[in-house]
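Residues per chain are reported as follows:
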Amino acid sequence: MVINVLVYFSSFIIGIVLGAMATFLSRRVMMDRQIRIAQRKAVRMAAAARNEAKQVQDEAREEASKIKAGAETEYRERRSELQRQENRVAQKGETIERKLESLEHRERNLVNKEKGAETIRTHLEEARSKQLQQLELISGMSTAEAKQSLLENMEIELQGETSRRIHEWEAKLREEADKKAQGILSQAIQRSASEIVTETTVAVVPLPSDEMKGRLIGREGRNIRALEQATGVDLIIDDTPEAVTLSGFDPVRREIARLALTKLILDGRIHPARIEEVVAKTKEEVETTIYNAGEQAAYQVGVPGLRPDLIRLLGRLKYRTSYGQNVLDHSIEVAYLAGMISSELGADVAIAKKTGLLHDIGKAIDREVEGTHAAIGADLVKQWDKSPEVVKGVAEHHLEIDTTSIWGFIISAADAISGARPGARRESLEGYLKRLRALEDIANSFKGVEKSYAIQAGREIRILVKPEEIDDLGAMRLARDIVKKVEGGLEYPGQIKVTVLRETRAIDYAK
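Computed from a predicted model, the values in this text were never measured in an experiment.

Across its full length, the protein holds 14 helices and eight strands. Considering the protein as a whole, with its 511 residues, one finds that 29% of them fall into the buried category. When contacts within the protein are restricted to residue pairs at least 6 apart in sequence, those whose partners lie at least 24 apart make up 61%. Of the roughly 35,000 Å² of accessible surface on the protein, 55% is carried by carbon and sulfur atoms.

Next comes the structure, spelled out in C-alpha cells:
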C-alpha cells in the first residue's frame, strides 16, 4: 500500500514537471515568433526613417539655397545703398566746405564794416557834442534845463490831450447811456401811474365838543397820564377847537393811540382801567391790520412765499413816512418799477420785484437798531430770506458800498424815480435851506469858482468860474470833482445836476 502511494506521488510530480516543461516550450515558441515580427517591423521602420531623412535633407538643401540667394541679393542692394549714401555725404562735405569759406569771407567783411561804423560813430559823437555846445551857447540853457523844459511842455500838452480825450469818451458814453437809460426809465414811468402821496407825522383826533377835553384830562390829569403811559404817545390838548393832537416818533404807537382815543370818545367811558382795556384791544387790532397790510402788499406786487416775520415788518411800513411819502406805498411802487426795468434789461423780474418790495424794510425798525436802513434791511432779509440777490439789492440800493451789482443799480433807479417825482416827497423849510447852503458851500470851496446858485429846489447847481483861472477842460474836471464831493459829503433825495459855466467877455470903449 505504501508502494502504491509512492507510485501515485511520483506520477503526480512527473505530471507537474512535464506540464511545466510543455508550458515553457509553448511560451518560448511564442516569444521567438514575436521577436521575429518585431525585427521585421524594425527593419521596415528603419527603411522608412532613412527615406524620410533623405527627403528632409533634400528640402533643407533647397531652403538653404534659397536663403543664400536672398542674402546675396540683399547684400548687393545694401552695398549699393551704402555707396549712394557715401556719395551724398561726400557731396555735402564739399558743400559745407564751400559755405564755411563763404562765411569766413563775410565775417572778414563784417569786421571791416564794424571798424568803419565805429569810426563813423566816433565822428558823429564828436559832431553831436560840438552841436550841443553850440546850441547851449545859442539858447543860454544847459542840456538838463532844455530836457526839463521840453518835459514840462509835453506834460502840459498831454494833460490837455488827456482831458480832451476823457471828455470825448465821457460824452460818448454818457450819450449812449442816457439814451438807453431814458428808454428804460420812460417805459417804466409810462407803465406806472402813481398817486401823489404825502402824509404828516402827527395825528389829529376830532372831538364832538370842547367839553370832551376835560374828560380826557380827567381828575388831576389821571386819564391823560394813563393814556400816555399805555400808548407811549404824547397827548397835546391846547386851544385848538374840538381837536386833540397826538405826537410820537413811533408811527405804530401813534396809530394805536389814535384808534384807542377814537373808541374812547365814541364810548364815552373814559377812566384808567377802561383806557388800558381799549388800548390792549386796539394793539391786537393794529397788529392784525399790519400783518394784513404786509400780506396784501406782497399779493398785490406778486411776491409769494415771504416769511411771516418779513410780512409783519413790511406791514409796519404802512405807518412809516419818509419826507411825507408813505413808505409801504413807496415800496410797492418801487417793486413795480424795478420789475419793469428788469424786464427791459432781460433780468429776473421776480427777484427785482421782491428786492424792490423789501428794499426799505429796515425803516420798520431803524429807530430800534443802529445802522443805516439799507444795512439793517439787508441783515433782516439775510436772516429770513435765503436769496443772495435780494440781500445785495437791499444793501446796495443807496450805493453806500464799494461794489454794486445789477440789482443795486436797478433798485436805486426805481427808488429815485419813486422818490424824486414831483409831489412825492416834501421836507421842512429848515432842512431844505440847510441842504441848499451846504450844496453852495461845496461848490464855493473849489479854487476858481466865482459864484454858485442852487436852483430847481436843490436838484441843480450852477457854478460860474473865473475864465482867467479855469479853461474849458478845467471846467470839465471841476464839474466832475464837485460831483464826487457832493456824493461823498451830502445826503439828498434823487440826483443833483452840476453845471459849470465859463464865460469870457471882451469889453472896450469907443471914444
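Here the narrative resumes.
This structure, assessed with the given rule, holds zero aromatic pairs. Over the ring of F446 we find K485; its NZ or CZ atom is 5.4 Å from the centre of that ring.

With mixed pairing, the three strands of this open sheet are ordered in space as β6-β7-β8. One side of each edge strand has no neighbouring strand; the edge strands of this open sheet are β6 (449–455) and β8 (497–502). Pairs of neighbouring strands in the sheet enclose a mean axial angle of 20 degrees, with direction left out of account. Most of the contacts of helix α14 (residues 472–489) go to β8, to which it runs at about 155 degrees, and overall it touches β6, β7 (460–465) and β8.

This next bit is on the side chain of S412. Tracing the backbone through its elements, the reader meets S412 in helix α12 (residues 406–420). Take S412: its relative accessible area is 19%, and that puts it in the buried class.

Turning our eyes to something else, we now look at the packing of helix α4 (residues 222–231) against helix α6 (residues 272–301). Direction vectors running N to C along α4 and α6 enclose 25 degrees, while the axes themselves pass 9 Å from each other. Looking at the two axes, α4 sits roughly parallel to α6. Where α4 crosses over α6, the two elements pack in a sense that is right-handed. Of α6, the residues touching α4 (which contributes R222, N223, A226, L227, A230 and T231) are P272, I275, V279 and K283. Each residue belonging to the contact of α4 with α6 can be placed in one class, and the counts come to six nonpolar, two polar and two charged.

Moving on to the environment of L328. Checked against the element boundaries, L328 lands in helix α8 (residues 327–345). A relative accessible area of 6% means that L328 is categorised as buried.

Averaged over the protein, the pLDDT score is 80; the fraction of residues at 70 or greater is 90%. Taken as a whole, residues 195–199 scores under 50 in pLDDT and shows 18 contacts with residues more than four places along the chain or in a different chain.

A few words now on the nonpolar core. Within soluble globular proteins, side chains that are nonpolar generally end up buried alongside one another. L306, L357 and L358 are the most contacted members of the largest nonpolar core, which totals 42 residues. Elements supplying a minimum of two residues to this core: α6, α7 (308–316), α8, α9 (349–358), α10 (373–384), α11 (388–396) and α12. The contact partners of L358, leaving out residues within four places of it in the chain, are L306, L310, L314, V381, V390 and V394. Grouped together as the second largest cluster of nonpolar side chains are 26 residues, L216, L227, V233 and I270 included.

Parameters and conventions
Residues numbered from 1 in each chain as written. Predicted model: local features only at pLDDT ≥ 70, side-chain atom pairs only at ≥ 80, totals over all residues. Heavy atoms only, no water. Helix = DSSP H or I, 4+ residues; strand = E, 2+ residues; numbered from the N terminus. Buried < 20%, exposed > 50% of the residue type's maximum accessible area, 1.4 Å probe, protein only. Contact = heavy atoms within 4.5 Å. Areas by Shrake-Rupley, 256 points an atom, 1.4 Å probe, with all protein chains shown as cover. Phe/Tyr/Trp six-rings, centres within 6.5 Å; stacked < 30°, edge-to-face > 60°. Lys NZ or Arg CZ within 6 Å of the ring centre and 35° of its normal. Pairing = 2+ DSSP bridges. Axes fitted to C-alpha atoms, helices over the stretch in contact; angles between N-to-C directions. Parallel < 35°, antiparallel > 145°, perpendicular 65-115°, else oblique. Left-handed = near helix turned anticlockwise from the far one by under 90°. Nonpolar A, V, L, I, M, F, W, Y, C, P; charged D, E, K, R; others polar. pLDDT = per-residue confidence, 0-100. Core = buried A, V, L, I, M, F, W, Y, C linked by side-chain atoms within 4.5 Å.

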